[in-house]
Amino acid sequence: GNILRLDKSSFPRSNFTKNKPGKATVFCRSSVSHKSVETVVAADLFADKTIYKDSWLDKFFINYFYRKQSEQVGGFKSNKIGYDAFVDVSKEIVKGRSALQQQEVIDKVLHSLLPKQAPANFRRFFPPTKWSCELNAFITTYFFKWLVGDMELIEVEIEKEDGTKEMWNSQVHIKKCRYLENSGCVGMCVNMCKL
């Protein structure tokens, strides 16, 4: 149901062309069980860096995720603060680890954020229906803005099991990915988001 889409408008420059070295379109499927990613990155993506004014709630989430990531890499301490420290510890997760190992670390981080029964309860209370996918997409645009920047909801046509189609307002479009812009590494971005 939900598709997290990063396209040429997600980046500072809109001069993207297919099959040119250093140019890109990034698609990340955000449903719990189906993930697909196509990536290549343009060299000039970060020429115009966005300045974010994080709220106290954003700062709480940034620091909370930083601490949880730090615990998974032996208590890594960044000399940076705020979002820069969060990106710094993410880079530490990447060092010397394969893509699969990076995903395993992030999986442990995500599981450490919630009680053990939370994922199973979430799936039980929010099966993949139009209502739950639209609610999940709506919540994503508000509670994960600190992580990826501004997002918007877009309607997407969904084919149901009986073959009928209907429009769901469940596609989340990231206008310009904050994490990708700040980390400067699409591999890191993809491996962190693939879960």
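Look above for the structure.
Summarised in this report is the structure supplied together with it. (Residues numbered from 1 in each chain as written. Predicted model: local features only at pLDDT ≥ 70, side-chain atom pairs only at ≥ 80, totals over all residues. Heavy atoms only, no water.)

Some points on the overall build of the protein
Part 1: In terms of regular secondary structure, the protein is built from 8 helices and 5 strands.
Part 2: N-terminal to C-terminal, the α/β element order of the protein is β-β-β-α-α-α-α-α-α-β-β-α-α.
Part 3: Counting the 195 residues in the protein, one finds 36% classified as buried.
Part 4: For the protein, restricting intrachain contacts to residue pairs at least 6 apart in sequence, the fraction spanning at least 24 positions comes to 57%.
Part 5: On the protein, roughly 11700 Å² of surface is accessible, and the fraction owed to carbon and sulfur atoms is 55%. (Helix = DSSP H or I, 4+ residues; strand = E, 2+ residues; numbered from the N terminus. Buried < 20%, exposed > 50% of the residue type's maximum accessible area, 1.4 Å probe, protein only. Contact = heavy atoms within 4.5 Å. Areas by Shrake-Rupley, 256 points an atom, 1.4 Å probe, with all protein chains shown as cover.)

A closer look at the pairing of strand β4 (residues 151-159)
Part 1: Bridging between β4 and strand β5 (residues 165-174) involves 8 bridges; their strand directions are antiparallel. Looking at the pairing, M151 lines up with I174 of β5.
Part 2: Count of turn residues in the β4/β5 antiparallel hairpin: 5 residues, of which G163 carries a positive phi of about 90 degrees. (Pairing = 2+ DSSP bridges.)

Examining helix α5 (residues 130-143)
Part 1: The terminal C-alpha atoms of α5, which comprises 14 residues, lie 20 Å apart, in line with the 20 Å expected from a rise of 1.5 Å per residue.
Part 2: Among the residues of α5, S132, C133, A137, T140 and T141 are the ones counted as buried. (Expected span 1.5 Å × (residues − 1).)

Brief notes about the packing of helix α1 (residues 56-72) against helix α3 (residues 99-113)
Part 1: Contact geometry for α1 and α3: axes closest at 9 Å, N-to-C directions at 125 degrees. It follows from the interaxial angle that α1 and α3 lie oblique. Relative to α3, α1 is oriented so that their crossing is right-handed. Every residue of α3 that contacts α1 at Y64, F65, K68, Q69 and Q72 is listed here: V105, I106, K108, V109, L110, S112 and L113.
Part 2: Split by residue class, the contact of α1 with α3 holds 7 nonpolar, 3 polar and 2 charged. (Axes fitted to C-alpha atoms, helices over the stretch in contact; angles between N-to-C directions. Parallel < 35°, antiparallel > 145°, perpendicular 65-115°, else oblique. Left-handed = near helix turned anticlockwise from the far one by under 90°. Nonpolar A, V, L, I, M, F, W, Y, C, P; charged D, E, K, R; others polar.)

Considerations on the pattern of salt bridges
Note that side chains of opposite charge can pair when their charged atoms are close.
Part 1: Under the criterion given, the structure shown has 6 salt bridges.
Part 2: Salt-bridge contacts for D54 lead to R178; the nearest nitrogen and oxygen are separated by 2.8 Å. A residue pair is termed long-range when its members are at least 10 positions apart, and D54 in the loop between β3 (37-38) and α1 and R178 in helix α7 (residues 178-183) qualify at 124 residues. (Salt bridge = Lys/Arg side-chain N within 4 Å of Asp/Glu carboxyl O.)

Details of the nonpolar core
Here is a general trend for soluble globular proteins: nonpolar side chains tend to be buried in one another's company.
Part 1: Counting residues in each nonpolar core, the largest one holds 20 residues, and the members touching the most others are Y83, F86, W146, L147, C177 and Y179.
Part 2: Listing elements by their share of this core, those giving two or more residues are α1, α2 (82-94), α6 (145-148), β5, α7 and α8 (186-193).
Part 3: Top contributing element to this core by residue count: α8, with 4 residues.
Part 4: With 8 residues, the next largest nonpolar core counts Y66, V89, I93 and I106 among its residues. (Core = buried A, V, L, I, M, F, W, Y, C linked by side-chain atoms within 4.5 Å.)

Things to note about the environment of C133
Part 1: Along the chain, C133 turns up in helix α5.
Part 2: A sequence separation of 36 residues divides C133 from N169, and the C-alpha atoms of the two residues are 8.3 Å apart.

A word on the packing of α1 against α2
Think of two packed helices as two axes; the pair is described by the angle between the axes and how far apart they sit.
Part 1: Packing of α1 against α2 leaves a shortest axis separation of 9 Å and a crossing angle of 25 degrees. Classified by the angle between their axes, α1 and α2 sit roughly parallel to one another. Note that α1 runs across α2; the crossing there is left-handed. Across from I62, F65, Y66, Q69 and S70 in α1, the residues of α2 making contact are G82, Y83, A85, F86, V89, S90 and I93.
Part 2: Of the residues in the contact of α1 with α2, the class split is 8 nonpolar, 4 polar and no charged.

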